[in-house]
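# Close look at the chain arrangement
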Amino acid sequence: MKFAADVELNTTFCGIEIPNPFLLSSAPPTGTGDMIKEAFKAGWGGAVTKTLAMDKDIGPNVTPRLHSLSFPGKSDEPKKLYGLENIELITDRKLDSWLREIESVVKDYPDRLLIASIMAGGDDMESWQHLAKACEDAGAKMLELNFSCPHGMPEKGMGAAIGQNPGICRKATEWVKSACSIPVIPKMTPNVTDISVPANASIEGGADAISAINTVGAVMGVDLQTLNPFPDVGGYSTPGGYSGPAIKPIGLKAVSSLFNSINVPISGIGGIENWRDAAEYILLGACNVQLCTAVMFQGFGIIDELCDGLTGFMEEHDFGQIDDFIGISARKITDHNRLSRDIKKISSVNRETCVKCDLCYISCRDAGYQAISVGEDRFPVIDREKCTGCSLCAQVCPVWDCVQLVAV
Ligand SMILES: Cc1cc2nc3c(=O)[nH]c(=O)nc-3n(C[C@H](O)[C@H](O)[C@H](O)COP(=O)(O)O)c2cc1C
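From a predicted model like this one, the values you see are computed outputs, not experimental measurements.

### Let's talk about the overall build of the chain
In terms of helices and strands, the chain carries 12 helices and 20 strands. At 23 Å, the chain has a C-alpha radius of gyration in line with the 22 Å of a compact globule built from 408 residues. Referenced to the eigenvectors of the C-alpha coordinate spread, the extents of the chain come out at roughly 75 × 60 × 40 Å. Residues classed as buried in the chain amount to 47% of the 408 residues present.

### A word on the site of the ligand
Around the ligand sit 27 residues, and of these Ser 25, Asn 86, Ser 243, Cys 292 and Thr 293 come closest. Split by residue class, the shell around the ligand holds 11 nonpolar, 13 polar and 3 charged.

### Topic: the sheet that holds strand β12 (residues 210-212)
Pairing is parallel in the closed barrel, where 8 strands are placed in the order β5-β6-β9-β10-β11-β12-β15-β16. With strand direction ignored, the average angle separating the axes of adjacent strands in the sheet is 25 degrees. Bridge count between strand β11 (residues 184-188) and β12: 2 bridges; the pairing is parallel. Bridging across to β12, Met 188 finds its partner in Ala 212.

### Things to note about the nonpolar core
Here is a general trend for soluble globular proteins: nonpolar side chains tend to be buried in one another's company. In this structure, Leu 143, Ala 212 and Val 255 are the most contacted members of the largest nonpolar core, which totals 95 residues. Beyond its immediate stretch of four places on either side in the chain, Val 255 contacts Ala 212, Ile 266, Gly 268, Tyr 281, Leu 284, Gly 285 and Ala 286. Judged by nonpolar contacts, the second largest core, of 12 residues, contains Val 349, Cys 364, Cys 397 and Val 403.

### So, helix α2 (residues 95-108)
Over its 14 residues, α2 extends 20 Å from the first C-alpha to the last, a length consistent with the 20 Å expected when each residue adds 1.5 Å. Taken together, the buried residues of α2 touch α1 (33-42), β9 (113-118) and α3 (125-138).

### Looking at the domain arrangement of the chain
With domains assigned, the chain is organised as domain 1 (2-332) and domain 2 (342-407). Computed from C-alpha coordinates alone, the two centres of domain 1 and domain 2 are separated by 41 Å.

### Considering the environment of Ile 266
Its location among the elements puts Ile 266 in strand β15 (residues 266-269). Residue contacts for Ile 266: discarding those within four places in its chain leaves Ala 209, Ile 210, Ala 212, Val 255, Leu 258, Phe 259, Gly 285, Ala 286 and Cys 287.

### Side note on helix α6 (residues 196-204)
Within the span of α6, buried status applies to Pro 198, Ala 199, Asn 200, Ala 201, Ser 202 and Ile 203. If you follow the buried residues of α6, they end up packed against α4 (160-163), α5 (166-179), β11, β12 and α7 (248-259). Looking one or two residues past α6, Gly 206 carries a phi angle of roughly 115 degrees, positive in sign.

### Things to note about the packing of α5 against α6
Packing of α5 against α6 brings their axes to within 7 Å, and their N-to-C directions diverge by 30 degrees. Classed by the angle they form, the pair α5 and α6 counts as roughly parallel. Our pair here, α5 against α6, has a crossing hand that is right-handed. Residues Pro 166, Gly 167, Cys 169, Arg 170 and Thr 173 of α5 form the contact with α6, whose own contacting residues are Val 197, Pro 198, Ala 201, Ser 202 and Glu 204. Each residue belonging to the contact of α5 with α6 can be placed in one class, and the counts come to 5 nonpolar, 3 polar and 2 charged.

### So, the sheet that holds strand β14 (residues 240-243)
Spatial ordering of the open sheet is given by β7-β8-β14-β13, a layout of 4 strands whose pairing is antiparallel. The open sheet has two edge strands with one neighbour each: β7 (66-71) and β13 (216-218). Each strand axis lies, on average, 35 degrees off the axis of its neighbour in the sheet, ignoring direction. In this structure, β13 lies alongside β14, joined through 3 bridges in antiparallel fashion. For Val 216, the partnering residue across the bridge sits in β14 and is Tyr 242.

### Structural notes on unusual backbone geometry
Following Ala 212, the chain continues to Ile 213 via a peptide bond in cis, the omega torsion being 15 degrees. For the bond from Phe 230 to Pro 231, the omega torsion is -20 degrees, close enough to zero to count as cis. Note on placement: Pro 231 falls in the loop between β13 and β14. At Lys 356, a residue that is not glycine, the phi angle is positive and equals roughly 55 degrees. Residue position: Lys 356 is located in the loop between β17 (345-349) and α11 (359-367). Even without being glycine, Arg 378 reaches a positive phi, approximately 70 degrees.

The rules we used
Residues numbered from 1 in each chain as written. Predicted model: local features only at pLDDT ≥ 70, side-chain atom pairs only at ≥ 80, totals over all residues. Helix = DSSP H or I, 4+ residues; strand = E, 2+ residues; numbered from the N terminus. Rg over C-alpha atoms; globule rule 2.2 N^0.38 Å. Buried ≥ 20, exposed ≤ 12 C-beta atoms within 10 Å, placed from the backbone. Near = placed C-beta within 6 Å. Nonpolar A, V, L, I, M, F, W, Y, C, P; charged D, E, K, R; others polar. Pairing = 2+ DSSP bridges. Axes fitted to C-alpha atoms, helices over the stretch in contact; angles between N-to-C directions. Core = buried A, V, L, I, M, F, W, Y, C linked by C-beta atoms within 7 Å. Contact = placed C-beta atoms within 7 Å. Expected span 1.5 Å × (residues − 1). Domains from an automatic or database assignment. Parallel < 35°, antiparallel > 145°, perpendicular 65-115°, else oblique. Left-handed = near helix turned anticlockwise from the far one by under 90°.

Dropping the structure here:
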C-alpha cells in the first residue's frame, strides 16, 4: 500500500508481506470471521483471532466483565479513557466454526495477515498440536500462542501460567513447531519480573517472533456504596487484565528490553491509540503493532488516521520504509550508571503563559528542593543555586510548555 511518493507502509513479518504494520490484537474486535473481514475492508493490515481452544477448554463468560478508569472522574467534561480492566475469557465459540471462518477470511482477503491465536494447557501437547495443525490447514498464516491471559485460564494451567514458567514456554513452543510449518509467535505476559526470560525460552523452543504484551494484572477499585469490588459479578470480583493508554509505558519497556535481548521480530502491543504511539513502539523495537482497546472504544475506522499519521511521520524523518526506523530509540536505552552526570539543567518559567496556580511552588516546597518562591506579583521565581533540575515543577504545571528545563 503506497501512501506518498517516497514512503512505503507495507512491510513483512516473518517473511510474510503485510500492506501496513497495523494489526488487530486477539480480543473482542476479532471475535468472529465477519468482524475480521470488516476490519480488513476498512484497511487493517492483519488480525489475530480471539484466542481459540479445544471445545473442552471453552466456557461461558461472566457479566459484566469490563470496568474502565477515565479522567476526569466525575464532572461535566467528557470523559477520556485512561485504562480498561477485563475479566473476559478466551473465545466461547466452538473450534469447528472458527476453522470455517478462518478459511473464509483468508479466501476473501489473501493479501492480509490472518494469525490464529491458540491456547491449551501446559501439559496438553495433544491439544496444542491439534489446534496448530487445524488452524494451519484452515489457512491461518501464523500462530500466536497465548501464554499470557492473566485471568480465568491460569487457574487451569493455561495462559499466563505458561508465560510465567520458562520451561513450559519452551516445551509448548516446541510441540507447536513440530506440528506445523507456519511461523509461531508466543504472546508474552508483562506479569513477570523479566519478560526476556520466558521470551528467550520460547525462542529456544523454536519461536519465530514474539508478541508483547498481554494485559497487566489489575483490580480496578471498589464501589463505595455497595463495597463490592469492580467489575461487580453478583457482589464478587476477581483480578483481571488492564489495557489501554495506562499500560503503554509497560508495553514500551517490554518491547525495548526484548529488542535489546532477543534476535527475532517483535509485534508490539499495549495502549496504542494513535500513530504517535505506534511510531514509538516501532522506534523502540517493534516491527509491527497490534491494537485492541483503542478499537473497542473507537472502531475499525481509526486505521485511516493511523496510516496517514505514520506516513507523515516517516516523510518528515525521511524514512522510506518501516525497517528504516525499527529499534532506533531502543539503542538509546542504556544502564542508569552510563547516563551522563555532566548535563546540568534548571527550571525556567514562562511568565507569558503562567497562570499563577502555585502548584510548582507547593510541589517544590514539599517534595523538591525549596527552589521556587512566589514573588509579590505571584509569579514563581527559580533559585538557580537550589534548583537541581528534577523537573517536578514541569510535571505538575497545568499549562503545556510553561515550565521548561534549560541548560546552565
Ligand atoms: C476484553 C478483552 C479481551 C481480550 N481477549 C484476549 C484474548 O482472547 N487473547 C489474547 O491473547 N489477548 C486478549 N486480550 C488482550 C489484548 O489482545 C491486548 O494484548 C491488550 O488488551 C493490550 O492491548 P491494548 O492496550 O491495545 O488493548 C484481550 C483484551 C481485552 C480488553
